Amino acid sequence: MTPTGLVDVHAHFVTDGYVAAARSAGVEHPDGMPGWPAWSVERHLDLMDRAGIEKSYLSISSPGVHFGDDAAARALAREVNAHGARIGAERPEWFGHFASLPLPDVEGALAEAAHALDELGADGVTVETNHHGLYLGDPRFEPLWEELDRRGAVVFVHPTSPPHADALSLGRPRPMLEFLFDSARTASDLLLRGVLARRPRIRWILTHGGGALPLLADRMELFRTLLGPDSPGNAPGAVEQPDAVEQLGRLWYDMAGTPFPRQIPAFEAAFGTERLLYGSDYCWTPAEAALAQVGTVDSAAQPSATDTWRDLTTRNAHRLFAHA
């Protein structure tokens, strides 16, 4: 039988203009990585063919589009989103697109979300786990979440370097460890500030199996209930909301990175697999590494005698996007 084609919700692109803008802002080694990757439609299609990927949803990765100037960030978001939309329009059977937002500029983000979703036909938007130190539960972002909740939008949450990353990372690339903790940190902020409960129609996607989140969800619930409603870390009414594991289990998660043999079993024990998606992290993950990751997905113990990880994640992806 022909293996089920994967749906890749965690796929990246870069443009010459985007890389030039980042470099002009002094970002020569993004998130402590050696440099910027090369990308083209042709190279991406070749990877998809070799890996058995039926569709890829493209987005700009960390460090996003905001390098300190609101006007420049708005212009850069508009530029990369137009590019991503063109790729999707030319090859809709192969590519979708999550639009970048110029956060922490909320006014600009609201305008760009409307433009991308209404005029460019974006499949969702992408945000970073923090924007210049502001995590996603910050009240300043509430107008954006209100609008995206009204739309029932897909919001792809990509990790980025935390504040004081140079001190925390000990000279190592931040994607190795810090990205995984930053995903857990921003998810906890969305949970404890009540955003997940207030904005249930947003279809959040977290990456890398939620990072450290599956191992920390029970601990977060313990502190949430022990500290009580007067804790400065809890939103009003947070303690009366469903428990942390239940709320976090309603989010969507991709398996980019090192899913087997240990990450996805730990994730499944915490949240189940009904909202698990496939992600390659190409082009930031080189093609050969992405192919090796697919090999682990195909060779791992499968979810059941009649289901494969390909079947399961692709079925989940179709269900996610059918909600639109």
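This section reports on the structure supplied with the text. (Residues numbered from 1 in each chain as written. Predicted model: local features only at pLDDT ≥ 70, side-chain atom pairs only at ≥ 80, totals over all residues. Heavy atoms only, no water.)

### Here's the deal with the overall build of the chain
To be explicit about the condition: Runs of H or I in DSSP of at least four residues are treated as helices and runs of E of at least two as strands, each being numbered from the N terminus. Note on method: radius of gyration uses C-alpha positions; expected globular size equals 2.2 Å times residues raised to 0.38. When a residue's accessible area, from a 1.4 Å probe over protein chains only, is under 20% of the maximum for its type it is buried; when over 50% it is exposed; and in between it is partly exposed. Working definition of accessibility: Shrake-Rupley area with a 1.4 Å probe, residue cover restricted to the visible protein chains. Only four residue types enter the tally: Lys and Arg on the positive side, Asp and Glu on the negative side, with His and both chain ends excluded. Charge coordinates come from a single atom per side chain, which is NZ of Lys, CZ of Arg, CG of Asp or CD of Glu.
A tally of regular secondary structure across the chain gives 13 helices and 10 strands. In terms of overall size, the chain behaves like a compact globule, its C-alpha atoms giving a radius of gyration of 19 Å where 324 residues would be expected to give roughly 20 Å. Based on the C-alpha atoms only, the size of the chain along its principal axes is roughly 55 × 55 × 40 Å. Within the chain, the fraction of its 324 residues that count as buried is 55%. Carbon and sulfur atoms form 55% of the exposed surface of the chain, whose accessible area is close to 13900 Å². Taken as two groups, the 27 positive and 43 negative side-chain charges of the chain have centres that lie 1 Å from each other.

### Some points on the sheet that holds strand β10 (residues 276-277)
Note on sheets: strands pair through backbone hydrogen bonds, and any given pair is parallel or antiparallel. Note the following rule: For two strands to count as paired, DSSP must find a minimum of two bridges between them. Note on contacts: a residue pair qualifies if any of its non-hydrogen atoms lie within 4.5 Å across the two residues. What counts as an axis is a line fitted to C-alpha atoms, over the stretch in contact for a helix, and the angles between N-to-C directions run from 0 to 180 degrees.
Strand order in this open sheet of eight strands is β1-β2-β3-β4-β7-β8-β9-β10, and the pairing throughout is parallel. Two strands lie at the open edges of the sheet, namely β1 (6-12) and β10, each paired on one side alone. Of the strand pairs in this sheet, strand β3 (residues 95-100) and strand β4 (residues 124-128) are connected by three bridges, and their pairing is parallel. Looking at β4, one finds that S100 is bridged to T126. Lying over the sheet, helix α3 (residues 70-90) contacts β2 (53-59) and β3, oriented at roughly 170° with respect to β3.

### Description of the packing of helix α9 (residues 213-227) against helix α11 (residues 259-271)
Here is the rule: For classification purposes, angles smaller than 35 degrees are called roughly parallel, those larger than 145 roughly antiparallel, those between 65 and 115 roughly perpendicular, and all remaining angles oblique. Under this grouping Gly is polar, as are all residues other than the nonpolar Ala, Val, Leu, Ile, Met, Phe, Trp, Tyr, Cys and Pro and the charged Asp, Glu, Lys and Arg.
Their axes nearest at 8 Å, the elements α9 and α11 cross at an angle of 30°. Viewed along their axes, α9 and α11 adopt a mutual orientation that is roughly parallel. Of the residues in α11, those in contact with L213, P214 and A217 of α9 are A266, F267, A270 and F271. Broken down by class, the residue content of the contact of α9 with α11 amounts to seven nonpolar, no polar and no charged.

### Some thoughts on the environment of A113
Following the sequence through the fold, A113 ends up in helix α4 (residues 106-120). A relative accessible area of 2% means that A113 is categorised as buried. Separated by 197 residues in the primary sequence, A113 and R310 place their C-alpha atoms 31 Å from one another. Residues within four places of A113 in sequence aside, it is in contact with L101, D118, V125 and L148.

### As for the pattern of salt bridges
It is possible for side chains of opposite charge to pair when their charged atoms get near one another. Counted only if it meets this: A carboxyl oxygen of Asp or Glu within 4 Å of a side-chain nitrogen of Lys or Arg is what we treat as a salt bridge.
Taken as a whole, this structure holds 19 salt bridges when the rule is applied. Salt-bridge contacts for D46 lead to R50; the nearest nitrogen and oxygen are separated by 3.8 Å. In this pair, D46 and R50 are both assigned in helix α2 (residues 41-51), four residues apart and thus about one turn of the helix distant. Judged by relative accessible area, R50 falls into the partly exposed class, the value being 45%.

### Details of the side chain of T314
Basically, it comes down to this: Between N or O atoms, a polar contact is any pair within 3.5 Å; within protein, one atom must be a potential hydrogen donor and the other a potential acceptor, and residues adjacent in sequence are included only when both atoms are from side chains.
Locating T314 in the fold gives a position in helix α13 (residues 309-322). The exposure class assigned to T314 is buried, which follows from its relative accessible area of 3%. A polar atom in the side chain of T314 sits 2.7 Å from the backbone oxygen of G5. Among all residues touching T314, those that are not within four sequence positions of it are T4, G5, L6, V7 and E54.

### Side note on the nonpolar core
The line we're drawing: Only buried residues count toward a nonpolar core. Its members are Ala, Val, Leu, Ile, Met, Phe, Trp, Tyr and Cys residues joined through side-chain atoms within 4.5 Å.
In this structure, W145, L148, W204 and L248 are the most contacted members of the largest nonpolar core, which totals 78 residues. When neighbours within four sequence positions are excluded, W204 is seen to be in contact with W145, V155, V157, L190, V195, L196, R199, L251 and W252. Listed in part, the 12 residues of the second largest apolar core include Y57, L277, L320 and F321.

### Focus on the pairing of β3
Rule in force here: Looking down the strands as they point away from you, a crossover is right-handed if its path from the first strand over the helix to the second goes clockwise.
When you tally the buried positions in β3, you get six out of six residues, the bulk of the element. Examined bridge by bridge, β2 and β3 share three bridges and lie parallel to one another. Within β3, the residue paired with S56 across the bridge is F95. With α4 bridging β3 and the parallel β4, this β-α-β connection has right-handed handedness.

### Examining the packing of aromatic side chains
What characterises a pair of aromatic rings is the spacing of the ring centres plus the angle enclosed by the ring planes. Applicable threshold: Each Phe, Tyr or Trp ring (for Trp, its six-membered ring) is paired with any other whose centre lies within 6.5 Å, and the angle between the two planes then decides the class: stacked below 30 degrees, edge-to-face above 60, tilted in between.
With the rule as written, the count across this model stands at 14 aromatic pairs. Each ring, one from Y253 and one from F271, has its centre 5.3 Å from the other, and the planes form 10°; the classification is stacked. Here Y253 is found in strand β9 (residues 252-254), whereas its partner F271 is found in helix α11, with 18 residues between them in sequence. F271 shares its class with Y253; the two are buried. Aromatic ring contacts, followed pair by pair, group Y18, W36, F67 and W284 into a single cluster.

### Examining α13
Selection criterion: In this scheme, a helix's expected span is set at 1.5 Å multiplied by one less than its residue total.
Look at α13: 20 Å from first C-alpha to last across 14 residues, which is about the 20 Å you get at 1.5 Å a residue. The set of residues buried in α13 consists of W309, R310, L312, T313, T314, N316, A317, L320 and F321.

### Thoughts on the layout of surface pockets
Operational definition: Cavity and pocket criteria rest on a 1 Å grid covering protein atoms alone: a 1.4 Å probe that fits but cannot get out defines a cavity, protein on both sides within 12 Å along at least 5 of 7 lines defines an open pocket, and an atom within 4 Å of a point defines a lining residue. Grid points are joined across faces, edges and corners, and a volume is the space filled by probe spheres set on the points.
There is about 710 Å³ of room inside the largest pocket. Together, 33 residues line the largest pocket, and P175, L180, H208, G257 and T258 are the ones closest to its centre. Elements that contribute at least two residues to the lining of the largest pocket include exactly α7 (178-192), α9, α11 and α12 (287-299). With five residues, α11 is the largest single contributor of residues to the lining of the largest pocket. Estimated volume of the second largest pocket: approximately 470 Å³. Contributing to the lining of the second largest pocket are 27 residues, with P63, H66, H132, T160 and S161 lying nearest its centre. Taken together, the elements giving at least two residues each to the lining of the second largest pocket come down to β4 and β5 (130-131). For the lining of the second largest pocket, the element with the highest residue contribution is β4, accounting for three residues. Among the residues forming the lining of the second largest pocket, the class breakdown is 12 nonpolar, 12 polar and three charged.

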